[in-house]
Amino acid sequence: MPKRGKKEAAKEGEEGGPAPTKVPRAGPAPPYEDPPAREATPDGRRWTLKWVQEEAPDVLCLQETKCAGSAVPPEVRALPGLPHQFWASAEGKPGYSGVGLLARTEPLKVTYGIGDPEHDSEGRVITAEFPSLFVVSAYVPNAGRGLVRLQPRIRWDSSFLTFLKGLDAQKPVLLCGDLNVAHEEIDLCHPKANRASAGFTPEERQGFSRLLGEGFVDSFRHLYPDARGAFTFWTYLGGARARNVGWRLDYVVLSQRLVGSLCDSKIRSKAMGSDHCPITAYLALEEGGQDGHGTGQIMAKLT
């Protein structure tokens, strides 16, 4: 191979290829400005935790959490203003049932279940005692497709009423959660077509009537007895939520003697993120208690 001179080699570049082309030096890139966070999906579902922070409840009750306390997402653990957190989950059934209760101030006492072995393994109830009242977060059993669990549900209603009356004998009770019943025809879109459906059977409706007959009050109907279309649950099928084909299954129920402290009971139907929407109750309580109590069934869908 003939020898080449230095000038010839340089023309081919250091690696034997053609000489590199000179590229003009680019000016500095403009600084990146982070745009505002997108807090909703294109179809309108909002970032759930944002709603909780805006609502800033003193007590937050969650139902159908479907996870053990050890599996609660860190962003829920870190919710500002709610450092006292309590979780219950079904024994031996991952991804089933479950409730949570988060509080701004530490409760005097927290208990789990209703004292009934048939139901307490399913992680359906947390009760927090505060100076002025008991707060109960509950996820009531569904009677099931084909009403296969209607009889266990009837037994639950009886045991749960006994449990609530026992609490009420000590101090007032605020029950909040997914009670899995539409009490009256006004509480669902199509009552005639659902008379044999879980959540609207005569047995389940009578169970709720017995609860009210024992000195408890449906806070929303107390304030808004004639409000129609006020639903808290819509199936994901058939665009039910857009058409408001829903059910009112989520409640804040109060001891009768708390009615004088009730300021408002709200259904947050515009809060997206779940097949349920949150509900919120505002109470003005004596010094030493909570200033208000917020509850969100969409929280059940955080996981």
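Residues numbered from 1 in each chain as written. Predicted model: local features only at pLDDT ≥ 70, side-chain atom pairs only at ≥ 80, totals over all residues. Heavy atoms only, no water.

Participant: Sorry if this is basic, but what is going on with the overall build of the protein chain here?
Facilitator: A tally of regular secondary structure across the protein chain gives 8 helices and 12 strands. Within the protein chain, the fraction of its 303 residues that count as buried is 49%. Considering only contacts within the protein chain whose residues lie at least 6 apart along the sequence, 64% involve residues at least 24 apart. With the model as given, the accessible surface of the protein chain reaches about 16,200 Å², and the carbon-plus-sulfur share is 53%. (Helix = DSSP H or I, 4+ residues; strand = E, 2+ residues; numbered from the N terminus. Buried < 20%, exposed > 50% of the residue type's maximum accessible area, 1.4 Å probe, protein only. Contact = heavy atoms within 4.5 Å. Areas by Shrake-Rupley, 256 points an atom, 1.4 Å probe, with all protein chains shown as cover.)

Participant: Where do I start with the nonpolar core in this structure?
Facilitator: Soluble globular proteins tend to pack their nonpolar side chains together in the buried interior. Counting residues in hydrophobic clusters, the biggest one holds 30 residues, and the most contacted among them are Leu101, Val135 and Leu174. Of all hydrophobic cores here, the second largest spans 21 residues; its members include Trp156, Leu167, Val181 and Tyr251. (Core = buried A, V, L, I, M, F, W, Y, C linked by side-chain atoms within 4.5 Å.)

Participant: When you look at helix H5 (residues 150-168) in this model, what are you seeing that I'm missing?
Facilitator: Each α-helix turn comprises 3.6 residues. Residues three or four places apart therefore point the same way. Here H5 contains 19 residues, and its C-alpha end-to-end distance of 27 Å stays within 8% of the 27 Å for a straight helix at 1.5 Å per residue. Of the positions making up H5, those classed as buried are Leu150, Pro152, Arg153, Trp156, Asp157, Phe160, Leu161, Phe163, Leu164, Leu167 and Asp168. (Expected span 1.5 Å × (residues − 1).)

Participant: Sorry, what's going on with the pairing of strand E11 (residues 278-283) here?
Facilitator: If a strand is regular, its side chains alternate between the two faces of the sheet. Extensive coverage of E11 is indicated by the burial of 5 of its 6 residues. As paired elements, strand E10 (residues 262-267) and E11 share 5 bridges and run antiparallel to each other. Within E11, the position partnered with Asp264 by the bridge is Tyr282. (Pairing = 2+ DSSP bridges.)

Participant: Help me out: how do you make sense of the pairing of strand E6 (residues 134-139) in this one?
Facilitator: Extensive coverage of E6 is indicated by the burial of 6 of its 6 residues. Burial of the side chains of E6 extends over both faces: Phe134, Val136 and Ala138 are buried on one face and Val135, Ser137 and Tyr139 on the other. In this sheet, E6 lies alongside strand E5 (residues 125-129) in antiparallel orientation, the contact comprising 5 bridges. Its bridge partner lying in E6, Thr127 is registered against Val136. Taking the residues that link successive antiparallel strands as the turn, the E5-E6 hairpin has 4 residues. Relative to strand E7 (residues 173-178), E6 runs parallel, the two being bridged by 6 bridges. Residue Phe134 lies in a different strand from E7, and its bridge partner there is Val173. Tracing the backbone out of E6, into H5 and back to the parallel element E7 gives a crossover that is right-handed. (Right-handed = clockwise from strand over helix to strand, strands pointing away.)

Participant: Could you clarify how one ought to interpret the packing of aromatic side chains in this entry?
Facilitator: In this description, a pair of aromatic rings is defined by centroid distance and the angle of the planes. The tally for this structure, following the rule as stated, stands at 4 aromatic pairs. When the centroid spacing of 5.1 Å and the interplanar angle of 35° are considered together, the rings of Phe220 and Tyr224 count as tilted. The rings of Trp156, Phe160 and Phe163 are connected pair by pair, giving a single aromatic cluster. Positioned above the aromatic ring of Tyr96 is the side chain of Lys93, whose terminal nitrogen or guanidinium carbon lies 4.7 Å from the ring centre. Seen from the ring of Tyr139, Arg124 lies directly overhead, with NZ or CZ sitting 5.0 Å from the centre. (Phe/Tyr/Trp six-rings, centres within 6.5 Å; stacked < 30°, edge-to-face > 60°. Lys NZ or Arg CZ within 6 Å of the ring centre and 35° of its normal.)

Participant: Hey, could you run me through the pattern of salt bridges in this one?
Facilitator: Any two side chains of opposite charge can pair, so long as their charged atoms come close to each other. Summed over the entire model, instances satisfying the criterion amount to 18 salt bridges. Glu118 serves as the salt-bridge partner of Arg155, at 2.7 Å between the closest nitrogen and oxygen. With a gap of 37 residues between them, Arg155 in helix H5 and Glu118 in helix H4 (residues 117-120) connect regions that are remote in the sequence. Exposure remark for Arg155: the relative accessible area of 41% places this residue in the partly exposed category. Among the ionic pairs, Glu122 bridges to Arg149, the shortest N-O distance being 3.8 Å. Here the residue Glu122 occupies a position in the loop between H4 and E5, and Arg149 occupies one in the loop between E6 and H5, the gap between them amounting to 27 residues. Since its relative accessible area comes to 28%, Arg149 is described here as partly exposed. (Salt bridge = Lys/Arg side-chain N within 4 Å of Asp/Glu carboxyl O.)

Participant: What am I meant to see in the sheet that holds strand E4 (residues 109-112) here?
Facilitator: Adjacent strands of a sheet pair through backbone hydrogen bonds, lying either parallel or antiparallel. Here we have 6 strands laid out as an open sheet, ordered E4-E5-E6-E7-E9-E8, and mixed in their pairing. Every other strand in the sheet has two partners, leaving E4 and strand E8 (216-218) as the edge strands with one partner each. Taking the axes of each pair of neighbouring strands and ignoring which way they run, one obtains an average angle of 20° across the sheet. In terms of strand pairing, E4 meets E5 through 4 bridges, oriented antiparallel. (Axes fitted to C-alpha atoms, helices over the stretch in contact; angles between N-to-C directions.)

Participant: Explain the side chain of Gln63 to me, please; I cannot follow it from the model alone.
Facilitator: One can find Gln63 in strand E1 (residues 59-63). Gln63 sits in the buried class, given a relative accessible area of 1%. Reaching out from Gln63, the side chain makes a polar contact with the side chain of Ser137 at a distance of 3.0 Å. (Polar contact = N/O pair within 3.5 Å; in protein donor to acceptor, adjacent residues only side chain to side chain.)

Participant: Just to check I follow, could you spell out unusual backbone geometry for this structure?
Facilitator: Trans peptide bonds make up the majority, and among non-glycine residues the majority have a negative phi. Not every positive phi belongs to a glycine, and Ala56 is a case in point at roughly 50°. Relative to the helices and strands, Ala56 is located in the loop between helix H2 (48-55) and E1. Accessibility expressed as a relative area gives 43% for Ala56, which makes it partly exposed. Unusually for a residue other than glycine, Glu64 sits at a positive phi of about 55°.

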